[in-house]
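Residue-level structure breakdown
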Amino acid sequence: MKKIISILCLMLVCWTNFAQNDLNTNKVSSHLKELVHQCSKLKNTQEGVVSAEGVTALVSFSIPCDAGTFLSTHHCRLIDHVGRIYIARIPLGEVAALSNSDTIERIEAERMPRPAMDVTPQQVNASAVYTGQDLPQAYTGAGVAAGVFDSYYDFTHPAFLDANGDLRIQYYYDFHWPNADSTLGHALETAAEIAALEHSQYTLNGIHGTHVTGIMAGSAVNGQYQGMAPEADIYLADFNSEREQFENPDENTSAIAVLGFKKIFDRAQADGKPCVINFSSCESITLTRQRILEGEALQQLVGPGRIIVAGAGNDGNRSCFLAKGASDLQAGTGIENGIYSGQYIDIDLVTPGNQFVRFDFLGMGLTGGGIEGTISFHTDSIDAVNGSHFTTTVSMGEVQLDVTLTPYQDPRGSVYHIQGIMPNSGYLFLCGALVLLTSENPAWLYSDISFSPFTNVESVPQYSFAQPGYSVSWPAILPDIIAAGATGYKSTVTNIDGDEYYDMVQFAPDQIGHITKFSSCGPTFDGRIKPDVVAPGLNINAAYNSFYGDFAGIKKNITHQFQYNGKDYYYLAESGTSMASPVVAGVVALWLQAKPDLTPAEAMEVIRETSTHPDNTLVYPNNTYGYGQIDAYRGLLYVLDLPSSIPDLSQHQPQGVKFRVENRHLYADFGDEIPKQIMFNVYTLNGSLVRTQSGRPDIDLSMLKDGVYAVQLLTDMRSTTGSTLIRLP
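Residues numbered from 1 in each chain as written. Predicted model: local features only at pLDDT ≥ 70, side-chain atom pairs only at ≥ 80, totals over all residues. Heavy atoms only, no water.

Scanning the protein chain for helices and strands turns up 16 helices and 38 strands. The burial tally for the protein chain puts 57% of its 729 residues in the buried class. When the accessible surface of the protein chain is totalled, it reaches about 27800 Å², and 49% of it is carbon and sulfur. (Helix = DSSP H or I, 4+ residues; strand = E, 2+ residues; numbered from the N terminus. Buried < 20%, exposed > 50% of the residue type's maximum accessible area, 1.4 Å probe, protein only. Areas by Shrake-Rupley, 256 points an atom, 1.4 Å probe, with all protein chains shown as cover.)

Inspection of every chain in the model, using the stated rule, returns 30 aromatic pairs. Between Tyr225 and Tyr571, the aromatic rings sit 4.5 Å apart at their centres with planes inclined by 25°, giving stacked as the arrangement. In this pair, Tyr225 is assigned in the loop between helix H8 (208-217) and strand E9 (233-238) and Tyr571 in strand E31 (residues 567-574), connecting sequence segments 346 residues apart. For the pair Tyr225 and Tyr571, a shared accessibility class is recorded, and that class is buried. Three or more aromatic residues joined by ring pairs form one cluster here, namely Phe149, Tyr173, Phe175, Phe239, Phe261 and Phe279. (Phe/Tyr/Trp six-rings, centres within 6.5 Å; stacked < 30°, edge-to-face > 60°.)

It is worth spelling out the sheet that holds strand E18 (residues 388-394) at this point. What holds strands together in a sheet is hydrogen bonding between their backbones, with the strands either parallel or antiparallel. The seven strands are arranged E18-E19-E20-E15-E22-E13-E24 in an open sheet whose pairing can be described as antiparallel. Since the sheet does not close on itself, it has two edges, and those belong to E18 and strand E24 (466-467), each with one partner. Bridging between strand E13 (residues 321-324) and strand E22 (residues 443-447) involves four bridges; their strand directions are antiparallel. Residue pairing across strands places Lys324 opposite Ala443, the latter belonging to E22. (Pairing = 2+ DSSP bridges.)

Val276, Ile482, Val584, Val588 and Trp591 are the most contacted members of the largest nonpolar core, which has 72 residues in total. Among the elements that line this core, the one with the most residues is helix H13 (residues 577-594), at eleven residues. Among residues more than four places away in sequence, those in contact with Val588 are Val276, Ile307, Val309 and Ile482. Core analysis: the second largest hydrophobic core is formed by 42 residues, Tyr173, Ile277, Ala297 and Val302 among them. (Core = buried A, V, L, I, M, F, W, Y, C linked by side-chain atoms within 4.5 Å. Contact = heavy atoms within 4.5 Å.)

A separate point is the pattern of salt bridges. Taken as a whole, this structure holds 25 salt bridges when the rule is applied. Two residues, Glu108 and Arg106, come together in a salt bridge whose shortest N-O distance is 2.9 Å. Arg106 matches Glu108 in its accessibility class, with the two residues each being buried. The residue Arg608 makes a salt bridge to Glu609 at a minimum N-O spacing of 3.4 Å. The class for Arg608 is partly exposed, based on a relative accessible area of 40%. With relative accessibility at 40%, the residue Glu609 sits in the partly exposed group. (Salt bridge = Lys/Arg side-chain N within 4 Å of Asp/Glu carboxyl O.)

Overall, the prediction assigns the protein chain a mean pLDDT of 86, with 89% of residues at 70 or greater. Note that residues 1-20 has pLDDT below 50 and, in this model, 50 contacts with residues that lie over four places away or in other chains. The model gives residues 44-52 a pLDDT under 50, and that stretch makes 20 contacts with residues more than four places away or in other chains. (pLDDT = per-residue confidence, 0-100.)

So, about the sheet that holds strand E21 (residues 433-438). Read from one edge of the open sheet, five strands run E17-E16-E21-E14-E23, paired in antiparallel fashion. Every interior strand has two partners, whereas the edge strands, strand E17 (371-378) and strand E23 (454-455), have only one. Alignment of strand E14 (residues 330-335) against E21, held across six bridges, turns out to be antiparallel. What sits directly across from Thr333, in E21, is Val435.

Moving on, we get to the side chain of Asn557. Here Asn557 shows up in the loop between helix H12 (551-554) and strand E30 (558-564). A polar contact of 3.0 Å, which involves the side chain of Asn557, links it to the side chain of Glu574. Residues contacting Asn557, with those up to four places away along its chain left out, are Tyr501, Tyr571, Leu572, Ala573 and Glu574. (Polar contact = N/O pair within 3.5 Å; in protein donor to acceptor, adjacent residues only side chain to side chain.)

In terms of strand pairing, strand E15 (residues 344-351) meets strand E20 (residues 414-421) through eight bridges, oriented antiparallel. Note on E20: the bridge partner recorded for Val350 is Val415. Of the strand pairs in this sheet, strand E19 (residues 397-405) and E20 are connected by six bridges, and their pairing is antiparallel. Following the sheet pairing, Gln400 is matched in E20 by Ile421.

Structurally, Ser99 is set in helix H4 (residues 95-99). Residue Ser99 is classed as buried on the basis of its relative accessible area of 0%. Engagement of the side chain of Ser99 in a polar contact is seen with the backbone nitrogen of Asn24, the distance being 3.0 Å. Aside from chain neighbours lying at most four places away, what touches Ser99 is Asp22, Leu23, Asn24, Lys27, Val28 and Ile107.

Pasting the structure below:
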């Protein structure tokens, strides 16, 4: 039924006057071309009808003009803008005419990215930052906007209440609010309005946003599962990731992504708060699937006190890259189904000279079903203007392959785009395909990892050329967006029934605290290192959406149950860079509290200078861990500039001692093993030594003024030597 509704809605979008001129494909992004092509098949012959429906797109102009007036002449509606990038609602029938206008530089509407806390704070050295035990309580995210752009929110979960029982969610923007006037989205701007709503739309269908928000900024419930920034104000935007749930299936595009970030940043700015937004959603990207306007707009949105953290992606255990050297006469790999579909092949080929390319389409089973159909071609024979179309027949139906020479500029050679349509969505899963390059020239293949990842046939050397890398997703690949990979500390979970849950064992790292097997790795297509940083992302406990419609199906993940106001609530364990990203974002919120004008570049510098190195056999930075695992405490010291103002202050927080301040005395509780040598040095934050004492496990600070101080503890034991921050009184 949903598919029928989607088709009818697509027809409504297409009942418009299509321009008679052809689409200027050099000005239109890949996904938008596909939408226009689909729509042209449903073209209405009725003249003079232009539907108000369409696609939300990003537009840039080559000639200065009044954007609103120009767009309105093409039946478009201007929504907003970021610098020179405009966000507009465009009837698909107008895209061709716009693309041929000298006034238009580019039109872009790509796929919207999709969603891909018990001991986690300790694993990133954050406990002391927000508990007030070893650090001032000031560093809890208070006064910072913790933004989350996701789906499936439970506004009633106690994880989002403060100590007084008041809702901490201060802003909520829903892009699919049912507006009578067809405008896009609706904002709830008070906690009271949000509390009355109870949950976002379509909440029966998922848990992602509730869980992610709990990791980033959840309050402790009964002393457990505190998020990374438990006193930050929460700002939410909701795009809903399931396309088939929309009245208009083409409504969710990359323009919505830009607009969502802007809505949160703008509201936080209006409220006078620095803001970090977590985006635990991602979209695979290929060499030629360019998101030029989206990237430019996102780069403009971030700045002082405006930071975005995104998950690197969960494709680390898949391959999307093949390199053929000039000395390799043949190089190939297998092709399997991706997470979205087994019906499409989407590959870019770079080569400086002619390549003979052969695709073999198999029967049931990747290596046991035999070859049922073959398509082969020389790249020199591809029609440079219109491309070339190939077909073959297999037992499941017809395979289509379109090959085009793209205008993409690459110093290594010409770039060809290969797009294939399989007989049905199960073909690559049930059967599979092979690709083989033959020539004396080098070549490089990049596949869309979400649709057609590579898989080596280890028993056949010429089909074993796929390599790891290039799997970090959009928008995490952007230079000024912090890309978070995932480490793992526990491969199993014990649920509320006492059963051990083993589903994630296959993705667990080889050593505790090392990278998970699913965490995507770099480099980017232009050779930059990604991810930037890693954090725990395996079996992370956080809030569960109590409105989710399939409790029985997910019960194996449920780790904790409690009641609040007579209703059952839960915590569950989930895995992915979706979970690592809000850990990083929550830590950045703590840093923003210390330095509200912290920029993305400065946050990257903190990460570079203070992250720990989980695998000491590697050189950092690298394309697996980036600069290493985020360290909240060391990062906070760096943000406060304490390492330079206090040269003798250690950046190591001692784990074998607990600090407490009582009656203006600082006590060091060593437990059963008290060091023989003990010395305290107390500094102001500008580096002045104001108090020192040795020989005792406590120090009198009654002569000091109220404020924050750095304390260096020196003992004869490594586990009790290090620094901390304290607040007086």
